[in-house]
Number of protein chains: 2
Amino acid sequence: MAAVEQLTEEERTTWLRALPKWSLARDGAAIERKFEFADFAEAFSFMTRVAIMAEKRDHHPEWFNVYNRVEITLTTHDAGGLSLRDVNMAKKIDALV
Amino acid sequence: MAAVEQLTEEERTTWLRALPKWSLARDGAAIERKFEFADFAEAFSFMTRVAIMAEKRDHHPEWFNVYNRVEITLTTHDAGGLSLRDVNMAKKIDALV
């Protein structure tokens, strides 16, 4: 896989404006968003759609689920922090809900 | 739903002997097990099987996934700790892998 470049602080600020529901985490090395659904079936349906998308893009989330809640953290291990891959993935995830 | 009884310390000790791959967590209020798979697709396939089982039994895990790793925590909120429902669920999960 080609090396992935970490976002500069300026790029991060610009891109995050387009992702108002995501917050910076891990000292700027990741972004996270919490989701709440009607019940477990809804939450896991959402996770399944994200999983298929993640596999297709070869970019996988770190995530936690309990019942109707899902917490997603995105970071790019290859870049040692946030990259455009996370931003693009976050946009795709936002489009699902 | 009928009230679910928390396991006594003695029951807990007995039942956990049957679940050698699970450890007590949260001061004995939960059990947890970590799983590792070949890749994300394998990990998420496993999660899907657990999800369907959980929904059917109306007993849902707390779980975390990143790439090929899955960490499952079982506890019974209605009982305020571990119950037989967790033990039975853990056995069913063990049978999947």
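For the structure, see preceding data.
All values derive from a computational prediction rather than experimental measurement.

Help me understand the packing of helix H2 (residues 40-57) of chain A against helix H3 (residues 84-96) of chain A in this model?
Residues and elements named next belong to chain A. Axis separation between H2 and H3 bottoms out at 11 Å; the angle between their running directions is 150 degrees. Relative to H3, H2 is oriented so that their crossing is right-handed. Together, Phe-46, Arg-49, Val-50, Met-53, Ala-54 and Arg-57 of H2 and Arg-85, Asn-88, Met-89, Lys-92, Ile-93 and Leu-96 of H3 make up the contact between the two elements. Residues of the contact of H2 with H3, tallied by class, amount to seven nonpolar, one polar and four charged.

In this structure, what is going on with the pattern of salt bridges? I would like to understand it.
Between side chains of opposite charge, a pair can form as their charged atoms come close. All names here are of chain A. Taken as a whole, this structure holds six salt bridges over all chains when the rule is applied. For the salt bridge of Arg-26 with Glu-62, the shortest nitrogen-to-oxygen distance reads 2.7 Å. You can see Arg-26 sitting in the loop between strand S1 (23-25) and strand S2 (30-36) and its partner Glu-62 sitting in strand S3 (residues 62-66), a full 36 residues away along the chain. One salt bridge connects Arg-33 with Asp-94, and the closest N-O pair in it is separated by 2.5 Å. Separated by 61 residues along the polypeptide, Arg-33 in strand S2 and Asp-94 in helix H3 bring together distant segments of the chain. Accessibility expressed as a relative area gives 12% for Arg-33, which makes it buried. On the basis of relative accessible area, Asp-94 is assigned to the partly exposed category, the value being 21%.

Can you help me understand the interface of chain A and chain B in this one?
Much of the literature gives interface size as the accessible area that the parts lose upon coming together. With 16 residues of chain A at the interface, the matching set in chain B holds 16 residues. Note on chain A versus chain B: buried area summed over both sides is about 1400 Å², and carbon and sulfur give 73% of it. The largest contributions to the chain A side of the interface with chain B come from Phe40(A), Phe44(A) and Trp63(A), which together make up 37% of the buried area. For the pair chain A and chain B, the number of links is zero salt bridges. When residues of the side of chain A that touches chain B are traced back to their parent elements, those giving at least two are H2 and S3 of chain A. Here the element with the most residues in the side of chain A that touches chain B is H2(A); it accounts for seven residues. Residue classes in the side of chain A that touches chain B are distributed as ten nonpolar, four polar and two charged. As judged from the five bridges shared by S3(A) and strand S3 (residues 62-66) of chain B, these two strands associate in the antiparallel manner.

I tried to follow the pairing of strand S4 (residues 69-74) of chain A on my own but got confused; where do I start?
Residues in a regular strand point their side chains to alternate faces of the sheet. All names here are of chain A. Looking at chain direction, S2 and S4 are connected through six bridges and run antiparallel. The residue bridging Glu-32 from the neighbouring strand is Thr-73, located in S4. Here S3 folds back onto S4 in antiparallel fashion, the turn holding two residues, of which Tyr-67 has a positive phi close to 45 degrees.

Please clarify how the environment of Leu16(A) should be interpreted in this entry.
All names here are of chain A. Note that Leu-16 resides in helix H1 (residues 9-17). Since its relative accessible area comes to 19%, Leu-16 is described here as buried. A sequence separation of 71 residues divides Leu-16 from Val-87, and the C-alpha atoms of the two residues are 7.9 Å apart. Sequence-distant contacts of Leu-16, defined by excluding residues within four places in its chain, comprise Leu-24 and Ile-31.

What exactly am I supposed to notice about the sheet that holds strand S1 (residues 23-25) of chain B here?
Strand order in the open sheet formed by eight strands is S1(A)-S2(A)-S4(A)-S3(A)-S3(B)-S4(B)-S2(B)-S1(B), and the pairing between neighbours is antiparallel. For this open sheet the edge positions go to S1 of chain A together with S1 of chain B, each flanked by a neighbour on one side alone. Sheet twist, expressed as the mean angle between neighbouring strand axes with direction ignored, is 25 degrees. As paired strands, S1(B) and strand S2 (residues 30-36) of chain B are joined by three bridges and run antiparallel to one another. Pairing of Ala25(B) across the sheet is with Ala30(B), part of S2(B). Its contacts with the sheet put H3(A) on S2 and S4 of chain A, and the angle it makes with S4(A) is roughly 155 degrees.

Parameters and conventions
- Residues numbered from 1 in each chain as written.
- Chains lettered and ligands numbered in written order.
- Predicted model: local features only at pLDDT ≥ 70, side-chain atom pairs only at ≥ 80, totals over all residues.
- Heavy atoms only, no water.
- Axes fitted to C-alpha atoms, helices over the stretch in contact; angles between N-to-C directions.
- Helix = DSSP H or I, 4+ residues; strand = E, 2+ residues; numbered from the N terminus.
- Left-handed = near helix turned anticlockwise from the far one by under 90°.
- Contact = heavy atoms within 4.5 Å.
- Nonpolar A, V, L, I, M, F, W, Y, C, P; charged D, E, K, R; others polar.
- Salt bridge = Lys/Arg side-chain N within 4 Å of Asp/Glu carboxyl O.
- Buried < 20%, exposed > 50% of the residue type's maximum accessible area, 1.4 Å probe, protein only.
- Buried area = accessible area lost by both parts, 1.4 Å probe.
- Pairing = 2+ DSSP bridges.

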